[in-house]
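# Descriptive structure summary
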Amino acid sequence: MTTTAPAPTGTTRASATGAARPRRRPRVLHKGSIAILLAPFGILFALFYVLPIIFAIGQSLLVVRREGTFGKAELVFGGLSQYALVFQNEAFWASMLRMLAFGVVQVPIMLGLALLFALLLDSPLLKGKRFFRLAFFVPYAVPGVIAAIMWGSLFSPNLSPFTALTEKVDFLGADLVLWSIANVVTWVYVGYNMLIIYSSLLSIPSEIYEAARLDGAGQFRIAWSIKIPLVRPAIVMTAIFSIIGTLQLLAEPQVFRSFSSAVTSTFTPNMTVYATASIPNSNLAAAFSVVLAVTTFVLSFGFMKWMQKKGNA
């Protein structure tokens, strides 16, 4: 007696013929509740982020026109004329190059120290972790303006208690003032970046370390071959934050202007924007801001894509 196999149904028939049915999208429940929960963030994001960007772009497309020498000023559409002035402004682009040099040197040093401190805190060999965690983080609790005043006083020959050093080395001169500012930024933000990396280290399962110890790996080998590769996303994130922060630097160099004549009103891109808006020329300042925002986006996004390709290689 022979038996007949049942006819294929649904998914089986589709797989037999090679034609896969499109999957239905999962139904989203409680859409109203999701919208209510997201509404506060969406409103604040639109008011304080999206609308200012739109306003800045709109202002950058306007120019002030007068009828005669003493005629009434009025804003009219000027197209890209403000952006032509931006690209002709040598001081602005000099400040951009200055900040790029600043970032190339300062960011790797700061993140290297942050990674080192995070690895030390995560090491079982370190004693007094609570003390060192607080000690590393305390500088970040100091406002940037206060930190700049404190370090500016230490670097100033007339105010510093280390006159034997500051009289020989001109930390506030044209050659070193940029790196004196870099020292302030590094001192303040090392602890902040350390906490991000240290939090990522705490999320690594302890079983991985136990397996490595069974294979004979020491603490240095574990740190180099396991910890650093696994916290790579946190390092990339802190690097992107640091790139953005570098191009937005304002408080520290603004304070250093009172200590050093080498820091001009156009020392950084943000200082250039501030000085231009104070003339006042808000339309040109808006154009500076838009170009600075686009440059920041391109550099940070490009760095992120480069790190992704390097990680997949």
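Refer to the structure printed above.
### Notes on the overall build of the protein chain
Helix and strand content of the protein chain: 14 helices and 2 strands. Taken over 313 residues, the protein chain has a buried fraction of 33%. Intrachain contacts of the protein chain at a sequence separation of at least 6 include 65% that bridge at least 24 residues. As displayed, the protein chain has an accessible area near 20100 Å², and 67% of this comes from carbon and sulfur atoms.

### What about a nonpolar patch on the surface?
Residues Phe 41, Ile 43, Leu 44, Phe 45, Leu 47, Phe 48, Tyr 49, Val 50, Leu 51, Ile 53, Ile 54 and Ile 57 make up a contiguous nonpolar surface patch of about 1200 Å² in total accessible area. For Ile 54, the location among the structural elements is in helix α2 (residues 31-60). Here Ile 54 falls in the exposed class, since its relative accessible area comes to 51%.

### Topic: the pattern of salt bridges
A complete count under the given rule lists 1 salt bridge for this structure. For Asp 122, the salt bridge goes to Lys 227, with nearest N and O atoms at 2.9 Å. Remark: Lys 227 occurs in helix α10 (residues 219-230) and Asp 122 occurs in helix α4 (residues 90-122); sequence separation between them is 105 residues.

### A look at the packing of aromatic side chains
Here the distance between the centres and the angle between the planes together describe a pair of aromatic rings. Summed over the entire model, instances satisfying the criterion amount to 17 aromatic pairs. When the centroid spacing of 5.6 Å and the interplanar angle of 25° are considered together, the rings of Phe 41 and Phe 45 count as stacked. You can see Phe 41 and its partner Phe 45 sitting in helix α2, 4 residues apart, about one turn around the helix. Consider the rings of Phe 117 and Phe 136, whose centres lie 4.2 Å apart with planes at 10°: the pair is stacked.

### As for the packing of α4 against helix α8 (residues 177-202)
How two helices pack is summed up by the angle between their axes together with the distance between the axes. Contact pair α4 / α8: the axes reach a minimum separation of 7 Å and the direction vectors enclose 40°. Taken together, α4 and α8 sit at an angle that is classed as oblique. Regarding α4 and α8, the two cross each other, and that crossing is right-handed. Partitioned by chemical class, the residues of the contact of α4 with α8 number 25 nonpolar, 3 polar and 2 charged.

### Things to note about the side chain of Gln 59
Assignment of secondary structure puts Gln 59 in helix α2. Those residues in contact with Gln 59 that sit more than four places away from it in its chain are Ser 282, Asn 283 and Ala 286.

### Considering the environment of Asn 283
Along the chain, the position of Asn 283 falls in helix α14 (residues 282-312). By relative accessible area, which is 3% here, Asn 283 ends up buried. Separated by 226 residues in sequence, Asn 283 and Ile 57 place their C-alpha atoms 9.2 Å apart. The residues touching Asn 283, leaving out its near neighbours within four places in the chain, are Gln 59, Ser 60, Leu 62, Val 64, Leu 75 and Gln 82.

Conventions and cut-offs
Residues numbered from 1 in each chain as written. Predicted model: local features only at pLDDT ≥ 70, side-chain atom pairs only at ≥ 80, totals over all residues. Heavy atoms only, no water. Helix = DSSP H or I, 4+ residues; strand = E, 2+ residues; numbered from the N terminus. Buried < 20%, exposed > 50% of the residue type's maximum accessible area, 1.4 Å probe, protein only. Contact = heavy atoms within 4.5 Å. Areas by Shrake-Rupley, 256 points an atom, 1.4 Å probe, with all protein chains shown as cover. Patch = residues over 30% accessible without salt bridge, like charges linked within 9 Å, V, L, I, M, F, W, Y side chains within 5 Å. Salt bridge = Lys/Arg side-chain N within 4 Å of Asp/Glu carboxyl O. Phe/Tyr/Trp six-rings, centres within 6.5 Å; stacked < 30°, edge-to-face > 60°. Axes fitted to C-alpha atoms, helices over the stretch in contact; angles between N-to-C directions. Parallel < 35°, antiparallel > 145°, perpendicular 65-115°, else oblique. Left-handed = near helix turned anticlockwise from the far one by under 90°. Nonpolar A, V, L, I, M, F, W, Y, C, P; charged D, E, K, R; others polar.

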